[in-house]
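# A closer look at the structure
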Amino acid sequence: MIAADNGIFNFFSHSTWMVLRNLSVFIVCVFWLSIAYWVYKDARRRVEDPWLVGMATILGLFPPFIGALVYMLFRPPEYLDDVRERELEIKAMEERLSRRDMHCPVCRADVDPAFLICPVCTTRLRQSCRNCKAPLEALWQICPYCETPVETAPLDLDQPTLTPPRPRRS
């Protein structure tokens, strides 16, 4: 039994054990610092406030290894670049929608908002007022220019029209 204890003692006092121990400690320290550096880089991409980036880096350093896990649980879900890109896309869509440029629904040609018919494919774009001939929007019930009630064209043949049918010529 004394010889076995002496063998274990000799292993832990040998220089090979010291090299393995020092190398293991070095690898663990490098891994710990690399995790802290990753937290710093990730926080810079996700957080605008430099003070919060510093606090996240400190959290990545202390407590070792656990701080990075805590940071990953509470970090913002998106990168700042993605947020800015999404906001620019929304702004561009809003500007596109706010423009009065119109396109024909059939041929996609540019048409003026005052056009009643597409000049390219002759698709009816708007109805005109029967009194002042101004172009009317589809939902309008009355012409805003001359106060004439808008006649809606029937979509179904079974529905009655608002105007009485004209007598046929014989």
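Everything in this summary refers to the structure shown in the same document. (Residues numbered from 1 in each chain as written. Predicted model: local features only at pLDDT ≥ 70, side-chain atom pairs only at ≥ 80, totals over all residues. Heavy atoms only, no water.)

Closest axis-to-axis distance for the helix α3 (residues 50-61)/helix α4 (residues 66-74) pair is 5 Å, and the angle between their directions is 135°. On the basis of the axis angle, α3 is oblique to α4. Side by side, α3 and α4 meet where Ala56, Leu59 and Gly60 of the first sit next to Gly67, Ala68, Val70 and Tyr71 of the second. (Axes fitted to C-alpha atoms, helices over the stretch in contact; angles between N-to-C directions. Helix = DSSP H or I, 4+ residues; strand = E, 2+ residues; numbered from the N terminus. Parallel < 35°, antiparallel > 145°, perpendicular 65-115°, else oblique. Contact = heavy atoms within 4.5 Å.)

We now examine the packing of aromatic side chains. For the coordinates displayed, the defined rule picks out 4 aromatic pairs. Pairing Tyr37 with Tyr40 gives two aromatic rings, centres 6.4 Å apart and planes at 35°, and the pair type is tilted. Residue Tyr37 and its partner Tyr40 are located together in helix α2 (residues 15-46), separated by 3 residues, close to a single helical turn. Ring geometry for Trp38 versus Tyr71: centroids 6.3 Å apart, planes at 80°, classification edge-to-face. Here the residue Trp38 occupies a position in helix α2, and Tyr71 occupies one in helix α4, the gap between them amounting to 33 residues. We classify Trp38 as partly exposed; its relative accessible area is 36%. (Phe/Tyr/Trp six-rings, centres within 6.5 Å; stacked < 30°, edge-to-face > 60°. Buried < 20%, exposed > 50% of the residue type's maximum accessible area, 1.4 Å probe, protein only.)

Let's shift gears to the pattern of salt bridges. Applying the stated criterion across every chain yields a total of 6 salt bridges. Between Arg84 and Asp81 there is a salt bridge; the shortest N-O distance is 3.6 Å. A residue pair is termed a helical-turn pair when its members lie 3 or 4 positions apart in one helix, as Arg84 and Asp81 do in helix α5 (residues 80-98) at 3 residues. The shortest N-O distance in the salt bridge between Arg126 and Glu137 comes to 3.0 Å. (Salt bridge = Lys/Arg side-chain N within 4 Å of Asp/Glu carboxyl O.)

Distances and angles like these do not, on their own, reveal function.
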